Amino acid sequence: MSQPLPLDGLSAVVTGAGRGLGRAEALELARLGASVVVNDYGQPGRDGSGEASSAPAEEVAEEICAAGGRAVAHLGDVSDHDQARALVELAVSAYGKLDILVNNAGILRDRMVFSMTEDEWDSVIRVHLKGHFNTTRFAASHWRSRSKESGSPVYGRIVNTSSEAFLAGSAGQPNYAAAKGGIVGLTTSTALALAKYGVTANAICPRARTRMTEDVFAGFEEPTDGRLDALAPEHVSPLVGYLASPAAAKVNGQLLVVHGGMVAIVERPRVAAKFDSSKEAFSFDELDELISPYYEDRPVNETFAAAEVLGLKRD
């Protein structure tokens, strides 16, 4: 008799699942036994340009079904509140309930902060941060209602997608870095709010070769000897599968970096130094005497130094 799969009987929504990371994550959840709603808006441009198409989501759903799994496709823009509601409702109508939400959808509109337009800022914040909120909002409402009806906690997992652009900075991506930082704040707030209902929320910072990162990793050659590319999305998807599973019940409100066979659990910010005023309130001179010496012998940006220690920053 075969052993049950970790996600048997569970249903999942994966956004931005028509390509790249989202596709790998949807396939992994299905491989682990979940029934999947494959969401993608299907626009060809990584900046969110071009006509929407159901083809990317449908192709992934067909791939899952061909392998013996269960999947339905959803063409929808998660940054649209009503379409995000419809996405969650589709999972409930197709599978009876929603258990897992993986937020992955995103676009890029890179520009230095002194050149960025209002639309370039708004569009990236809308798709990444608002898109994460929209789906979370309706999934959370679904879980809360079920928990209240049953009088006990339910099963719920949220896996959000942040980025090393938030951790280590990214000079040409102020919109993207800000959105990804906001996603971490959304994740920790959600984790606290939904824990009593049986729901966990975690965020990952993946590094993978996808359509969105083709420029970033242009200088990193793919192996030609049959080995799995260190930047393959398939290095990320197993962590998503784990976080979506019952095995990760005690993992909540966490940020994890993942790439190339490595997972790093990131600590929340800690106080590096503390200064107390000798008087009722600080004066400019006292602040200068206390704080300026602290930075004299330190790197210009200690965030980058920390990133290098973690092995997060490429050469």
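Everything numeric in this text was worked out from a predicted model, so none of it was measured.

Conventions and cut-offs
- Residues numbered from 1 in each chain as written.
- Predicted model: local features only at pLDDT ≥ 70, side-chain atom pairs only at ≥ 80, totals over all residues.
- Heavy atoms only, no water.
- Helix = DSSP H or I, 4+ residues; strand = E, 2+ residues; numbered from the N terminus.
- Buried < 20%, exposed > 50% of the residue type's maximum accessible area, 1.4 Å probe, protein only.
- Contact = heavy atoms within 4.5 Å.
- Areas by Shrake-Rupley, 256 points an atom, 1.4 Å probe, with all protein chains shown as cover.
- pLDDT = per-residue confidence, 0-100.
- Expected span 1.5 Å × (residues − 1).
- Bend = angle between axes of the 7 residues up to and from the residue.
- Lys, Arg positive; Asp, Glu negative; His and termini not counted.
- Salt bridge = Lys/Arg side-chain N within 4 Å of Asp/Glu carboxyl O.
- Polar contact = N/O pair within 3.5 Å; in protein donor to acceptor, adjacent residues only side chain to side chain.
- Pairing = 2+ DSSP bridges.
- Axes fitted to C-alpha atoms, helices over the stretch in contact; angles between N-to-C directions.
- Arc of directions from axis to C-beta.
- Core = buried A, V, L, I, M, F, W, Y, C linked by side-chain atoms within 4.5 Å.
- Phe/Tyr/Trp six-rings, centres within 6.5 Å; stacked < 30°, edge-to-face > 60°.
- Lys NZ or Arg CZ within 6 Å of the ring centre and 35° of its normal.

1. So, the overall build of the protein chain
- Counting secondary structure elements, the protein chain contains 9 helices and 8 strands.
- Relative to its 315 residues, the protein chain shows a buried fraction of 46%.
- Across the protein chain, every contact between residues at least 6 apart in sequence was considered, and the portion connecting residues at least 24 apart equals 69%.
- Accessible surface, the protein chain as shown: approximately 16,000 Å² in total, 53% of it carbon and sulfur.

2. Some points on the confidence of the model for the protein chain
- Looking at the protein chain as a whole, the pLDDT averages 90, with 87% of positions reaching at least 70.
- Low pLDDT, under 50, characterises residues 303–315; the stretch is placed with 23 contacts to residues that sit more than four places away or in other chains.

3. A short note on helix H4 (residues 118–150)
- For H4, with 33 residues, the first-to-last C-alpha span of 46 Å sits near the 48 Å given by 1.5 Å per residue.
- In the structure, H4 departs most strongly from a straight axis at Lys130, where the bend amounts to approximately 35 degrees.

4. Quick notes on the side chain of Lys180
- Its place among the elements puts Lys180 in helix H6 (residues 174–194).
- Although Lys180 lies buried, it forms no salt bridge, and the closest oppositely charged side chain, Glu25, sits 9.8 Å away as judged by the N-O distance.
- Here His128 takes part through its side chain, which lies 3.2 Å from a polar atom of the side chain of Lys180.

5. Observations concerning the sheet that holds strand E5 (residues 156–161)
- Strand order in this open sheet of 8 strands is E3-E2-E1-E4-E5-E6-E7-E8, and the pairing throughout is mixed. The outermost strands of the open sheet, each flanked by one partner alone, are strand E3 (71–74) and strand E8 (262–266). Geometrically, the sheet is characterised by an average inter-axis angle of 20 degrees between neighbouring strands, direction not taken into account.
- One ladder, built from 3 bridges, connects strand E1 (residues 11–14) with strand E4 (residues 100–102); its direction is parallel. Across the sheet, the residue bridging to Ala12 is Ile100, located in E4.
- The sheet contacts of helix H3 (residues 81–95) involve E1, strand E2 (35–39) and E3, and relative to E3 the element is tilted by about 160 degrees.

6. Remarks on H3
- Look at H3: 22 Å from first C-alpha to last across 15 residues, which is about the 21 Å you get at 1.5 Å a residue.
- Those residues of H3 that fall on the buried side of the exposure criterion are Ala84, Leu87, Val88, Ala91 and Tyr95. Seen along its axis, H3 keeps its buried residues to an arc of 85 degrees; they face one direction.
- Considering only its buried residues, H3 is in contact with E1, E2, E3 and H4.
- Gly96 occupies a position one or two residues after H3 and carries a positive phi of about 90 degrees.

7. Some details on the pairing of strand E6 (residues 199–206)
- A large share of E6 lies buried, amounting to 8 of its 8 residues.
- Taking every second residue as pointing to the same face, both faces of E6 are buried, with Val199, Ala201, Ala203 and Cys205 on one and Thr200, Asn202, Ile204 and Pro206 on the other.
- Of the strand pairs in this sheet, E5 and E6 are connected by 6 bridges, and their pairing is parallel. Residue pairing across strands places Asn160 opposite Ala203, the latter belonging to E6.
- Bridge count between E6 and strand E7 (residues 255–259): 4 bridges; the pairing is parallel. The residue of E7 that forms the bridge with Pro206 is Val258.

8. With respect to the nonpolar core
- The biggest cluster of nonpolar side chains holds 32 residues, and the ones touching the most others in it are Leu29, Val36, Val38 and Ile100.
- Elements that contribute at least two residues to this core include exactly E1, helix H1 (20–31), E2, helix H2 (55–66), E4, helix H7 (237–243) and E7.
- When neighbours within four sequence positions are excluded, Leu29 is seen to be in contact with Leu7, Ala12, Val14, Ala34, Val36, Ile100, Val102, Val240, Gly241 and Ala244.
- Grouped together as the second largest cluster of nonpolar side chains are 22 residues, Phe138, Ala139, Ala140 and Val199 included.

9. Side note on the packing of aromatic side chains
- Under the criterion given, the structure shown has 2 aromatic pairs.
- With a centroid separation of 6.1 Å and 80 degrees between ring planes, the pair formed by Phe275 and Tyr294 is classed as edge-to-face. Taken as a pair, Phe275 in the loop between E8 and helix H8 (284–296) and Tyr294 in helix H8 lie far apart in primary sequence, 19 residues in all.
- Overall, Tyr294 belongs to the buried group, its relative accessible area being 16%.
- Aromatic ring contacts, followed pair by pair, group Phe275, Tyr294 and Tyr295 into a single cluster.
- Above the face of the Tyr155 ring, Arg157 is positioned so that its terminal group lies 4.2 Å from the ring centre.

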